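What the coordinates show
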Amino acid sequence: LKLEEFQGGSFTISNLGMFGIDEFTAVINPPQAAILAVSRGRQEVVLRGSGESDEEVPTVETHMSVTMSSDRRVLDEAMAA
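The following paragraphs examine the structure supplied in this document. (Residues numbered from 1 in each chain as written. Predicted model: local features only at pLDDT ≥ 70, side-chain atom pairs only at ≥ 80, totals over all residues. Heavy atoms only, no water.)

As for the overall build of the protein chain
- Scanning the protein chain for helices and strands turns up two helices and five strands.
- Ordering the α and β elements of the protein chain from the N terminus gives α-β-β-β-β-β-α.
- Here the C-alpha radius of gyration of the protein chain, 18 Å, is well above what a compact globule of 81 residues would show, namely 12 Å.
- A buried classification covers 17% of the 81 residues belonging to the protein chain. (Helix = DSSP H or I, 4+ residues; strand = E, 2+ residues; numbered from the N terminus. Rg over C-alpha atoms; globule rule 2.2 N^0.38 Å. Buried < 20%, exposed > 50% of the residue type's maximum accessible area, 1.4 Å probe, protein only.)

Section: the side chain of S69
- Relative to the helices and strands, S69 is located in strand β5 (residues 66-70).
- Contact partners of S69, with chain neighbours within four places excluded, come to T25, A26, I28, A33, A34 and I35. (Contact = heavy atoms within 4.5 Å.)

Re the environment of L36
- Its location among the elements puts L36 in strand β2 (residues 34-38).
- On the accessibility criterion, L36 (23% relative accessible area) is partly exposed.
- As for L36 and T12, which are separated by 24 residues in sequence, their C-alpha atoms are 6.3 Å apart.
- Those residues in contact with L36 that lie beyond four places of it in its chain are F11, T12, I13, S14, V66, T67 and M68.

Examining the sheet that holds strand β1 (residues 11-15)
- The mixed open sheet is built from three strands, whose spatial order is β1-β2-β5. At either margin of the open sheet sits one strand with a lone partner, and together these are β1 and β5. With strand direction ignored, the average angle separating the axes of adjacent strands in the sheet is 15 degrees.
- Relative to β2, β1 runs parallel, the two being bridged by five bridges. When the sheet's bridge partners are listed, F11 is paired in β2 with A34. (Pairing = 2+ DSSP bridges. Axes fitted to C-alpha atoms, helices over the stretch in contact; angles between N-to-C directions.)

Some words on the environment of G20
- Locating G20 in the fold gives a position in the loop between β1 and β2.
- Between the C-alpha atoms of G20 and R40, which are 20 residues apart in sequence, the distance is 5.7 Å.

A word on a nonpolar patch on the surface
- On the surface, F11, I13 and M68 cluster together into a nonpolar patch covering about 290 Å² of accessible area.
- In this fold, I13 is placed in strand β1. (Patch = residues over 30% accessible without salt bridge, like charges linked within 9 Å, V, L, I, M, F, W, Y side chains within 5 Å. Areas by Shrake-Rupley, 256 points an atom, 1.4 Å probe, with all protein chains shown as cover. Salt bridge = Lys/Arg side-chain N within 4 Å of Asp/Glu carboxyl O.)

Quick look at the side chain of S65
- With respect to the secondary-structure elements, S65 resides in the loop between β4 (56-63) and β5.
- Under the relative-accessibility criterion, S65 is labelled buried at 14%.
- For S65, the residues in contact, after removing those within four places along its chain, are D22, E23, A37, V38, S39 and R42.

Below, the structure written as structure tokens:
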């Protein structure tokens, strides 16, 4: 991207998942209002109800963490949430 193609932007996505990062907090670069930190997808075993009985069965699910940081001068906490 050329400088003029991203100047004055409002939102950034930072993806470190391809480096095996489980969770991180990204730093906002002015003039951005917010940044979304995206981590890797990781498989975890969880217990889920089978629906047919009260018994829980182990299931493999893909989980990932996303964290949003925002500039409070632009987005208040309620809007960011």
